[in-house]
Structure formats: C-alpha cells, structure tokens
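Architecture and fold: a report
Each chain, written out:
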Amino acid sequence: MKEWPARLVLVGAGKMGGAMAIGWLDAGLPASSLAIREPKPSPEIAALAASRGVALNPQSAAPPDMLVLAIKPQNLDQVAPEIAALAAGNTLVLSIIAGKTIANLQARLPGARAFVRAMPNTPAAIGRGVTAAFASAEVNADQRRWCERLIGAVGAFFWLEDEGSIDAVTAISGSGPAYVFALTEALASAAEKLGLPRDLSMSLARGTVEGAAELMRRESATSPATLRQNVTSPGGTTAAALAVLKDARGLDDLMARATAAARARATEMAG
Ligand SMILES: NC(=O)c1ccc[n+]([C@@H]2O[C@H](COP(=O)([O-])OP(=O)(O)OC[C@H]3O[C@@H](n4cnc5c(N)ncnc54)[C@H](OP(=O)(O)O)[C@@H]3O)[C@@H](O)[C@H]2O)c1
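This section reports on the structure supplied with the text. Every value quoted in this text rests on a predicted model; they were computed, and no experiment measured them. (Residues numbered from 1 in each chain as written. Predicted model: local features only at pLDDT ≥ 70, side-chain atom pairs only at ≥ 80, totals over all residues. Heavy atoms only, no water.)

**Here we look at the pairing of strand E2 (residues 34-37)**
- The pairing of strand E1 (residues 8-11) with E2 spans four bridges and is classified as parallel. The residue of E2 that forms the bridge with Val11 is Arg37.
- Here two bridges tie E2 to strand E3 (residues 55-56), and the two strands are oriented parallel to one another. Along E3, the bridge assignment pairs Ile36 with Leu56.
- Tracing the backbone out of E2, into helix H2 (residues 43-52) and back to the parallel element E3 gives a crossover that is right-handed. (Pairing = 2+ DSSP bridges. Helix = DSSP H or I, 4+ residues; strand = E, 2+ residues; numbered from the N terminus. Right-handed = clockwise from strand over helix to strand, strands pointing away.)

Given below as structure tokens:
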C-alpha cells in the first residue's frame, strides 16, 4: 500500500488549502511530492515553498496521482479548464469546494474517474478541523487511505455512505463553528443584561466557552450529557437555567430548526 500519493497538486492555497499544505508536510508528506498552484501566494505559502522545496506554480502539466481542489466555488468556472489536463484516469480528485457535487466536477474534469468530495470546517486552519467526505465508487483503497492521512493531518476525518449527507454535515460541522461563536455572543449579551460591564461580560463568555470546550476534549470518554450533569446540582442555579434551555422551545428545538435551515440552504445551493 502506498503511504502517500507520489505526486500531489494542490489547487488554491488560501485559508483552507494553505493550512492543509502545512499540515500535510508536518504529517510527513515528502515536500518533493507536493506542487501548489496559487496565483497570489501568501507570504507564508511563498516562505513554505522556498524553505521546504515545494514547487510553486510549476509549468509541468503531467497528471499527478492526486489533485486537491481548494478554490472558492465562484472560481471553479475559470479554474476547471486550466487544470482539466491534470485530471487523468489514474488521478484522484479531492474537492473541498462547498456545494460542488461530484457529477459537476466530473463534467468539468472528464479525464478523471475517482472523486472524493469533502466538507471541512475552519478549525482545520489550526489542525483541529472536523471533515466528512464521500468517495465515488471508483476510489480505490490506496486513494481512500491518502484522503484519511491528508485530511487527518488537519483534524478528525469521517467517511460518508452517501453524497447527500454532505448537506447535513455542512449544517452541523461546516457551519457549526459559527453557532459556537453565536452562543458566545449570546452569553456575553445575557451577562450585560444581568448588569455586568461589557468587557467583563465578553471575557466571562469567551473564557467559559473555551474552557468548557477544552474540558470536553480532555474528557473525551465522558459524554457531554454526563459533563453537563456533573455541573448541575439538583435545585441549584445551573438546573434553573437548564430548565429554560431545555424546555419545549429551548435549545434542542432551536438547534434542530437552525440546522434544518442550513441543510435546506446547502441543498438549494448544491450543483
Ligand atoms: N473556510 C471554511 O470554513 C470552509 C469550509 C468548508 C469548505 N470550504 C471550501 O474550501 C474552499 C476554499 O476556501 P478558503 O476559505 O480556503 O478560500 P480562500 O482563502 O479564498 O482560498 C481559495 C484560494 O484559491 C485561489 N485561487 C483563485 N484562482 C485560482 C487559480 N486559477 N488557480 C489556483 N488557485 C486559485 C485563491 O486566490 P485569490 O485569493 O487570488 O482569489 C485563494 O488563495 C472553498 O471552496 C470553500 O467552499 C471552506
């Protein structure tokens, strides 16, 4: 079994692509295996290419073992014809482009047969992403392993049984970091309503979300429900708040409605 693709071309080294490239090299992908296509490389990417010997915008058009697409959806019309020659029968195409289906990518890159469509989230930029992906039937065992290792370099990775689940994943982990930021804002705003100064309110809210998330990470064998129960004395202050948060129109209902709206929008936008 081949540990890494012998040649990998990354198309688009912005926030997500750039973070992935750094994660891959740190995880052991040989720098000589990687080439990056990026019209406006950031200083970090230019420095990375220079210091580690990664090819930046090489002229060669030989199809690689793997082509990773990390461009914005609106750039795909322009970029697809530029890279079509790189997608050959043995090339695995891994796309993290939001909303672009495998059928769409296949039509644009007709030379390739094996496609993986993945949905990461922004904490991938600090190596703490959550990504779920769907593989077309043509993706072989080596190619699956490459995806697991490459995406695993920037966080947790899960396979999906059907491509349609990507829309639900988008609604949960793709958009999810924003929900946690919104929760932090809501907690800070509630603190102000209780009479605390603005700066202190935000410090308390941020610190609480950060600390609780870290605690949950360290206590990974304990369920969130148990962690919640551990800090909830019967008849106490936390119980008083949770009675409101968990009532019929409370947090569970709100999160179900919010994520249903996100999934519906993801399905509408997919194509
Ligand atoms: N950020 C997220 O949380 C997230 C989550 C899930 C999926 N995604 C998906 O990940 C993809 C990348 O997102 P991002 O946040 O990393 O965007 P980004 O920072 O804008 O990165 C996209 C990069 O592609 C470059 N590019 C444009 N035209 C190109 C070309 N002809 N050849 C090669 N590269 C080209 C862009 O360069 P310019 O700056 O010059 O345009 C930019 O550096 C998007 O499709 C997004 O849907 C992102």
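**Some details on unusual backbone geometry**
- Here Asn57, not a glycine, exhibits a phi torsion of approximately 50 degrees, which is positive.
- Inspection of the secondary structure puts Asn57 in the loop between E3 and strand E4 (66-69).

**Remarks on the pattern of salt bridges**
- For the structure shown, the criterion picks out 13 salt bridges.
- The salt bridge involving Glu214 is made with Arg217; its shortest N-O contact spans 3.0 Å. Here Arg217 and Glu214 lie together in helix H8 (residues 198-218), a separation of three residues that amounts to about one turn.
- Through salt bridges with shared partners, a single ionic network connects Glu214, Arg217 and Arg218. (Salt bridge = Lys/Arg side-chain N within 4 Å of Asp/Glu carboxyl O.)

**Remarks on the site of the ligand**
- For the ligand, the set of nearby residues contains 23 residues, the closest of which are Lys15, Met16, Glu38, Ile71 and Thr122.
- Here a nitrogen atom of the ligand sits 3.1 Å away from a polar atom, N or O, in the side chain of Glu82.
- Between an oxygen atom of the ligand and a main-chain N or O atom of Ala98, the distance comes to 3.0 Å.
- Compared with its free state, where it exposes 890 Å², the ligand has 82% of that area covered by protein.
- Within the residue set of the shell around the ligand, elements represented by two or more residues are helix H1 (15-27) and helix H3 (76-83).
- Residue composition of the shell around the ligand, grouped by class: 12 nonpolar, five polar and six charged. (Near = heavy atom within 4 Å. Polar contact = N/O pair within 3.5 Å; in protein donor to acceptor, adjacent residues only side chain to side chain. Areas by Shrake-Rupley, 256 points an atom, 1.4 Å probe, with all protein chains shown as cover. Nonpolar A, V, L, I, M, F, W, Y, C, P; charged D, E, K, R; others polar.)

**Looking at the packing of helix H6 (residues 165-174) against helix H7 (residues 176-193)**
- Taken N-terminus to C-terminus, the directions of H6 and H7 make an angle of 35 degrees; their axes are 5 Å apart at the nearest point. Along the contact surface, H6 presents Ala171, Ile172, Ser173 and Gly174, while H7 presents Gly176, Pro177 and Tyr179. (Axes fitted to C-alpha atoms, helices over the stretch in contact; angles between N-to-C directions. Contact = heavy atoms within 4.5 Å.)

**Digging into the sheet that holds strand E8 (residues 155-159)**
- The sheet built from eight strands is open, its strands ordered E3-E2-E1-E4-E5-E6-E7-E8 with mixed pairing. This sheet does not close on itself; its edge strands, each paired only once, are E3 and E8.
- When strand E5 (residues 92-95) meets strand E6 (residues 114-119), the two strands line up parallel, connected through four bridges. Within the sheet, the bridge partner assigned to Leu94 lies in E6 and is Val116.
- Seen against the sheet, H6 touches E6 and strand E7 (129-135) and runs at an angle of roughly 35 degrees to E6.

**Examining a nonpolar patch on the surface**
- Together, Leu245, Leu251, Leu254 and Met255 make up an exposed nonpolar region whose accessible area comes to about 330 Å².
- If one sorts the elements of the nonpolar patch by residue count, helix H11 (residues 251-269) sits on top with three residues.
- By relative accessible area, which is 47% here, Leu254 ends up partly exposed. (Patch = residues over 30% accessible without salt bridge, like charges linked within 9 Å, V, L, I, M, F, W, Y side chains within 5 Å. Buried < 20%, exposed > 50% of the residue type's maximum accessible area, 1.4 Å probe, protein only.)

**Notes on the nonpolar core**
- Counting 36 residues, the largest nonpolar core has Leu8, Leu10, Trp24, Leu34 and Met66 as its most contacted members.
- Looking at this core element by element, the count peaks at five residues for H1.
- Not counting residues up to four positions away in its chain, the partners in contact with Leu34 are Leu8, Leu10, Ala21, Trp24, Leu25, Leu29, Val54 and Ala55.
- Formed by 25 residues, the second largest nonpolar core is a distinct cluster that contains Val79, Ala87, Met119 and Leu160. (Core = buried A, V, L, I, M, F, W, Y, C linked by side-chain atoms within 4.5 Å.)

**Thoughts on the packing of H6 against H11**
- Look at H6 against H11: their axes get within 8 Å of each other, and the N-to-C directions meet at 135 degrees. Viewed along their axes, H6 and H11 adopt a mutual orientation that is oblique. Relative to H11, H6 is oriented so that their crossing is right-handed. In this structure, H6 uses Asp167, Ala168, Thr170, Ala171 and Ile172 to contact H11, whose residues at the interface are Thr259, Ala262, Arg263, Ala266 and Thr267.
- Among the residues making up the contact of H6 with H11, the classes are represented as five nonpolar, three polar and two charged. (Parallel < 35°, antiparallel > 145°, perpendicular 65-115°, else oblique. Left-handed = near helix turned anticlockwise from the far one by under 90°.)

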